[in-house]
Amino acid sequence: MESNTELQDARLTEMWGELHRNTTNGDPFKPNAYRLAFIDPEFLQRRETRGIRFQLELLKPDLNLMEQGIESTVVVYGSARTLAPNEAQQQLAQARASQDAERIRLAERAVKNSHYYAQARRFAQLVAEYSQSRPPAERLTICTGGGPGIMEAANRGAHDVGAPNIGLNITLPHEQSGNRFITPSLSFKFHYFALRKMHFMMRAKALVVFPGGFGTLDELFEVLTLVQTRKAKPVPIVLFGRSFWQRVLHPEVMVEEGTISAEDLELFHLTDDPQEAWELIRNFYGLP
């Protein structure tokens, strides 16, 4: 005989299957007062249940990561638009064939910036190679935003050496899915940026930030603020691409204007070398 728990699990599976079938067939459930609250999509999407959705987005990845023994991460941020070197070269060849001057200019820029993809991939390989040789409790797992570009490169670097790696993807107006190098059981999808940011920081032992746009800058300043205000423990924050960051950021101006302290400039480090970025992290924690 089936246990009561098994019967309950079977019924829950059946109800979720019904929900999925209706949604897939373009026939969503109509509001129904008698439906169980936790399988009522109309109820769960109400403004008043937003707090519950926050809790679920916090809890689901957290439980999954705990169950898989993920305790410490190295988070890699960077542009979703950075191409792999081979893709950038193909794009340039196509642009030259078109003889379109603007298209050629953009493709040449993509080739120039593609070295960041290769460097992010190499950095992740270094972290993953080290972690593969350590006991589970001492391993550092690469974690990214799960998208293309620099995120894909870092996930790919860990994947190259057979190491598990995390992708924290986000729903956007233009559909986006996790890149193919993320470990499937560690590929998560978020609706709320705030909850995604919390998961970036909850297990982060270091953050490496490659050139990127508004999203990358948002994540960088979030981390800098948390560490500066002692809301988060100090961690290595490495800005990769010295030329880019020296042109984009001018924190010494904030020191001159008195909006930050001179010692705040020590919260981050600049580098152009994957090995140096990894050594900064190793030296910070005294890793063997």
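The structure presented is a predicted model; accordingly, all values stated were derived computationally and were not measured.

Asks: What should I look at first to understand the sheet that holds strand β3 (residues 166-170) in this one?
Replies: Across a sheet, paired strands are connected by hydrogen bonds in the backbone, their directions being either parallel or antiparallel. Spatially, β4-β3-β2-β1-β5-β6-β7 is the arrangement adopted by the seven strands of the open sheet, whose pairing is parallel. Two strands close off the open sheet at either side, each with one partner strand: β4 (187-190) and β7 (269-271). Direction aside, the axes of adjacent strands within the sheet are offset by 25° on average. Both strand β1 (residues 73-77) and strand β5 (residues 204-209) contribute to a ladder of five bridges, which runs parallel. Counterpart to T73 in the pairing with β5 is A204. Across the sheet, helix α8 (residues 214-228) touches β1, β5 and β6 (237-240), and the angle it forms with β6 is around 150°. The sheet strands contacting helix α11 (residues 274-285) are β1, β5, β6 and β7, and the helix crosses β6 at an angle near 175°.

Asks: Hey, could you run me through a positive patch on the surface in this one?
Replies: A cluster of basic residues, R81, R109, K112 and R247, forms a positive patch on the protein surface. Structurally, R109 is set in helix α5 (residues 101-132).

Asks: Help me out: how do you make sense of the packing of aromatic side chains in this one?
Replies: We describe a pair of aromatic rings using the distance from one ring centre to the other and the angle between the two ring planes. Here the structure, examined in full by the defined rule, presents six aromatic pairs. For the ring pair Y77 and F200, a centre distance of 5.2 Å and an interplane angle of 85° mean the geometry is edge-to-face. Here Y77, found in strand β1, pairs with F200, found in helix α7 (residues 193-202); they are 123 residues apart in sequence, far enough to count as distant. The same class applies to Y77 as to F200, namely buried. Note on F244 and W245: the rings are 4.9 Å apart at their centroids and 90° apart in plane angle, and the pair reads as edge-to-face.

Asks: How should I be thinking about a nonpolar patch on the surface in this particular structure?
Replies: A contiguous nonpolar surface patch, about 270 Å² in accessible area, is contributed by L59, L63 and M66. Tracing the backbone through its elements, the reader meets L63 in helix α3 (residues 50-67). Residue classification places L63 among the partly exposed residues on the basis of a relative accessible area of 36%.

Asks: How do you make sense of unusual backbone geometry when you look at a structure like this?
Replies: A positive phi angle is found at Q99, which is not glycine, with a value near 60°. Tracing the backbone shows Q99 in the loop between α4 (85-98) and α5. Phi at R230 takes a positive value of approximately 65°, unusual for a residue other than glycine. Here R230 is to be found in the loop between α8 and β6.

Asks: It is not clear to me how the environment of E57 should be interpreted in this structure. Could you clarify?
Replies: Within the fold, E57 resides in helix α3. For E57, a relative accessible area of 14% puts it in the buried group. It is 7.9 Å that separates the C-alpha atoms of E57 and Y192, two residues lying 135 residues apart in sequence. Here Y192 takes part through its backbone nitrogen, which lies 3.1 Å from a polar atom of the side chain of E57.

Asks: What's the story with the packing of α5 against helix α6 (residues 150-160) in this structure? I'm lost.
Replies: Packed helices, taken two at a time, are described by the angle their axes make and the gap between the axes. α6 packs onto α5 with a crossing angle of 35° between their chain directions and a minimal axis gap of 7 Å. Seen along the crossing, α5 lies across α6 with a hand that is right-handed. Side by side, α5 and α6 meet where Y116, Y117, A120, R121, A124, Q125 and A128 of the first sit next to I150, E152, A153, A154, R156, G157, A158 and D160 of the second. Looking at the contact of α5 with α6 residue by residue, the classes come out as nine nonpolar, two polar and four charged.

Asks: What should I look at first to understand the environment of G178 in this one?
Replies: In this structure, G178 sits in the loop between β3 and β4. For G178, a relative accessible area of 33% puts it in the partly exposed group. Separated by 32 residues in sequence, G178 and G146 have C-alpha atoms that sit 5.0 Å apart. Among all residues touching G178, those that are not within four sequence positions of it are G146 and N169.

The rules behind each value
- Residues numbered from 1 in each chain as written.
- Predicted model: local features only at pLDDT ≥ 70, side-chain atom pairs only at ≥ 80, totals over all residues.
- Heavy atoms only, no water.
- Pairing = 2+ DSSP bridges.
- Helix = DSSP H or I, 4+ residues; strand = E, 2+ residues; numbered from the N terminus.
- Axes fitted to C-alpha atoms, helices over the stretch in contact; angles between N-to-C directions.
- Contact = heavy atoms within 4.5 Å.
- Patch = residues over 30% accessible without salt bridge, like charges linked within 9 Å, V, L, I, M, F, W, Y side chains within 5 Å.
- Areas by Shrake-Rupley, 256 points an atom, 1.4 Å probe, with all protein chains shown as cover.
- Salt bridge = Lys/Arg side-chain N within 4 Å of Asp/Glu carboxyl O.
- Lys, Arg positive; Asp, Glu negative; His and termini not counted.
- Charge placed at Lys NZ, Arg CZ, Asp CG, Glu CD.
- Phe/Tyr/Trp six-rings, centres within 6.5 Å; stacked < 30°, edge-to-face > 60°.
- Buried < 20%, exposed > 50% of the residue type's maximum accessible area, 1.4 Å probe, protein only.
- Polar contact = N/O pair within 3.5 Å; in protein donor to acceptor, adjacent residues only side chain to side chain.
- Left-handed = near helix turned anticlockwise from the far one by under 90°.
- Nonpolar A, V, L, I, M, F, W, Y, C, P; charged D, E, K, R; others polar.

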